Amino acid sequence: MGSPRKARGFRRLEPDELVRLTFLGAAGEVTGSSFLLETGAARILFDCGLCQGERHSRAQNQRPFAFEAAGLDAVVLTHAHVDHSGLVPKLVRDGFRGKIHATLPSGDLLGVLLRDSAHIHEQDTKHENRRRERSGKPLLEPLYEVADAERALEKLVLHPFERVVELADGLRVRFVRARHILGAASVEAWVAAEHVERKIVFSGDLGRRHEPLLRPPEPPGEADLVLLESTYGDRDHKSLEHTVEELAQALTESVRDGGNVLIPVFAVGRAQEILHYIGTLERARRIPELPVFLDSPMAIRATELYRQHAECLRELESATGRRCQPLEPRRLTLCRTPEESMQLNGRHGAVILSSSGMCEGGRILHHLRHNLWRESTDVVIVGFQARGTLGRALVGGARTVRIFGEPVSVKARVRTLGGFSAHAGQSELVGWVRGLVASGARVALVHGEHEKRAALAAELLARTGARAWQPVRGDVVSLRRRGEPVVFVEKP
Ligand SMILES: [Zn+2]
């Protein structure tokens, strides 16, 4: 790669600067993960995520990149979730020509998630344009199209966990397990020049200690700087046993009432986890065998990938000595076609898992419209609901919500089971970063709403003595060759 070409949005490093890292997203918010790393030899983007949920996310996603896409050398993705990967097709459309690095299982999931994301953007734009045509407004372009996603997927270079990979002169990275979802990694990045080496760790999204289907996270030992996620920085989750207990109770009661149970799920991770718990509860005879429907083509494909990547489970089995086969409900039906989905409208006493997980789109909206107004319905919330989403409104006790532009009254019982998060809670985050702090690493908190990361910062200070930095979009951290190695700069 040699010395970077001149291009918009990049800056020449100062003489004493070894690395410059610019916070381009997920700084004071959960989604839109994006961090630009510049060295004397290369410019690498770590994550290239969509903004989701927040009020201005659509406009934010449409904004031009802060840099010239063609001037970027490579992209590194911590995992496949679209808030970390979903702007990659736009980057490719805008002229990015380099490679996209990720773990092997992430590569498979990216195939599912990026194609789906592109499809949603195409469909949304088509609907919006029909409206605009009728009112004589100018037509819109989709954020990107399926063809852009296909071109992005061709640029993937996939790596096993634990292997050190040289991305450019003096820049090496390594993916280590973060749990969270299949393929999710924390990334260690070493930058060296003229006998000085500095190291940055990107935590990515960190999973929980007791996730049943993936191997535990492996916190890196030392670094100069660590970017730590803080999605649940303000609290610990309820214990998993307690939450599985609540799930059992919710399912038993709902079935007794004769209504349907709607479980909005993230297609990747949560869907497979919930199926696993229902299967486990059935086999332990804690709940009757229930008719369970997985109504999400994407969740079905992800379920197949979790089954295929059984090596992760085998590793987990050898690490823990216990059997870790994913169990699934005995009466599980996979609804692939829209017709199969629509047949569920006439059913009672069914457990329906459908996406999107925050009720912002997808087939779950149809099920909510059909069932929310019935008193016999239970909605079981098992995942994070970002501000501004329909899921958050339901959790907040809204009496009426709008679905497809129509008001729908909420008579259903809405239960929130807080313990199923794919994200580490406060103590787990502190536990993960403790060794890094002890090695002298400075901490920057990302991927969290402001109050949550402020709470995590306070906890880190109390428990480790570390003063964590809370960057906003546009802030920069500079790693120096001499003197204080890590210098934070507010919007230079
Ligand atoms: Zn994630």
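Structure: see above.
Throughout what follows, the structure given in this document is the object of discussion.

Rules and cut-offs
- Here the residue index of a chain counts from 1 through its sequence in written order.
- Residues qualify for local features only when their pLDDT is at least 70, as the model is predicted, and side-chain atom pairs are given and counted only at 80 or more; totals for whole chains, interfaces and linings, by contrast, use all residues.
- Where side-chain values are given, they derive from all heavy atoms of the structure, hydrogens and water being excluded.
- Note on pairing: DSSP must find at least two bridges between two strands before they are called paired.
- Elements are defined by DSSP. Helices are runs of H or I of four residues or more, strands are runs of E of two residues or more, and each kind is numbered from the N terminus.
- Only the stretch in contact is used when a helix axis is fitted, and all axes are lines through C-alpha atoms; the angle between N-to-C directions ranges over 0 to 180 degrees.
- For this analysis, residues touch if any pair of their heavy atoms sits within 4.5 Å.
- Here the angle decides the label: under 35 degrees means roughly parallel, over 145 means roughly antiparallel, 65 to 115 means roughly perpendicular, and every other value means oblique.
- Under the scheme applied, nonpolar residues are Ala, Val, Leu, Ile, Met, Phe, Trp, Tyr, Cys and Pro; charged residues are Asp, Glu, Lys and Arg; polar residues are all the others, including Gly.
- The aromatic pairing rule takes the rings of Phe, Tyr and Trp, using the six-membered ring of Trp, and pairs them if the centres are within 6.5 Å, calling planes under 30 degrees apart stacked, those over 60 edge-to-face and the rest tilted.
- Relative accessibility decides the category of a residue: with a 1.4 Å probe and only protein chains considered, values under 20% of the type maximum give buried, values over 50% give exposed, and everything between is partly exposed.
- Distance and angle both matter: a charge sits over a ring if NZ of Lys or CZ of Arg is within 6 Å of the ring centre and within 35 degrees of the ring normal.

A look at the sheet that holds strand 10 (residues 196–202)
Pairing is mixed in the open sheet, where 6 strands are placed in the order 7-8-9-10-11-20. Whereas interior strands pair on both sides, the edge strands pair on one side only; in this sheet they are strand 7 (164–168) and strand 20 (442–446). Averaged over neighbouring strand pairs, the angle between their axes works out to 20° when direction is ignored. Relative to strand 9 (residues 185–193), strand 8 (residues 171–177) runs antiparallel, the two being bridged by 7 bridges. Note on strand 9: the bridge partner recorded for phenylalanine 175 is valine 187. Across the face of the sheet, helix 13 (residues 426–438) comes into contact with strand 9, strand 10, strand 11 (225–229) and strand 20 while running at roughly 180° to strand 11. Where helix 14 (residues 450–464) meets the sheet, its contacts fall on strand 11 and strand 20, and the angle it forms with strand 20 comes to roughly 155°.

Quick word on the packing of helix 4 (residues 104–134) against helix 8 (residues 297–308)
The contact between helix 4 and helix 8 brings their axes to 10 Å, and the two run at 175°. As summarised for this structure, helix 4 and helix 8 are arranged roughly antiparallel, according to the angle between their axes. Packed against helix 4, whose contacting residues are Asp108, Leu109, Val112, Leu113 and Asp116, the element helix 8 presents Met298, Arg301, Ala302 and Leu305 at the interface. Residue composition of the contact of helix 4 with helix 8, by class: 6 nonpolar, no polar and 3 charged.

Observations regarding the packing of aromatic side chains
A complete count under the given rule lists 9 aromatic pairs for this structure. Here phenylalanine 35 and phenylalanine 202 contribute two aromatic rings whose centre-to-centre distance is 6.1 Å and whose plane-to-plane angle is 40°, an arrangement assigned as tilted. Of this pair, phenylalanine 35 sits in strand 2 (residues 34–38) while phenylalanine 202 sits in strand 10, and the two are 167 residues apart along the sequence. Look at phenylalanine 35 and you get buried, because its relative accessible area is 3%. You can call phenylalanine 202 buried: its relative accessible area is 3%. Every member of this aromatic cluster is reached through a ring pair, and the members are Phe23, Phe35, Phe46, Phe202, Trp469 and Phe488. Over the ring of phenylalanine 10 we find arginine 43, and its NZ or CZ is 4.2 Å from the ring centre.

What about the pairing of strand 17 (residues 400–403)?
Only one face of strand 17 is covered, namely the face carrying Val401 and Ile403; the face carrying Thr400 and Arg402 is uncovered. Pairing between strand 17 and strand 18 (residues 406–409): 4 bridges, direction antiparallel. Bridging from a neighbouring strand, arginine 402 pairs with proline 407 of strand 18. Where strand 17 folds back on strand 18, the antiparallel hairpin that results is connected by 2 residues, among which phenylalanine 404 adopts a positive phi of roughly 50°.

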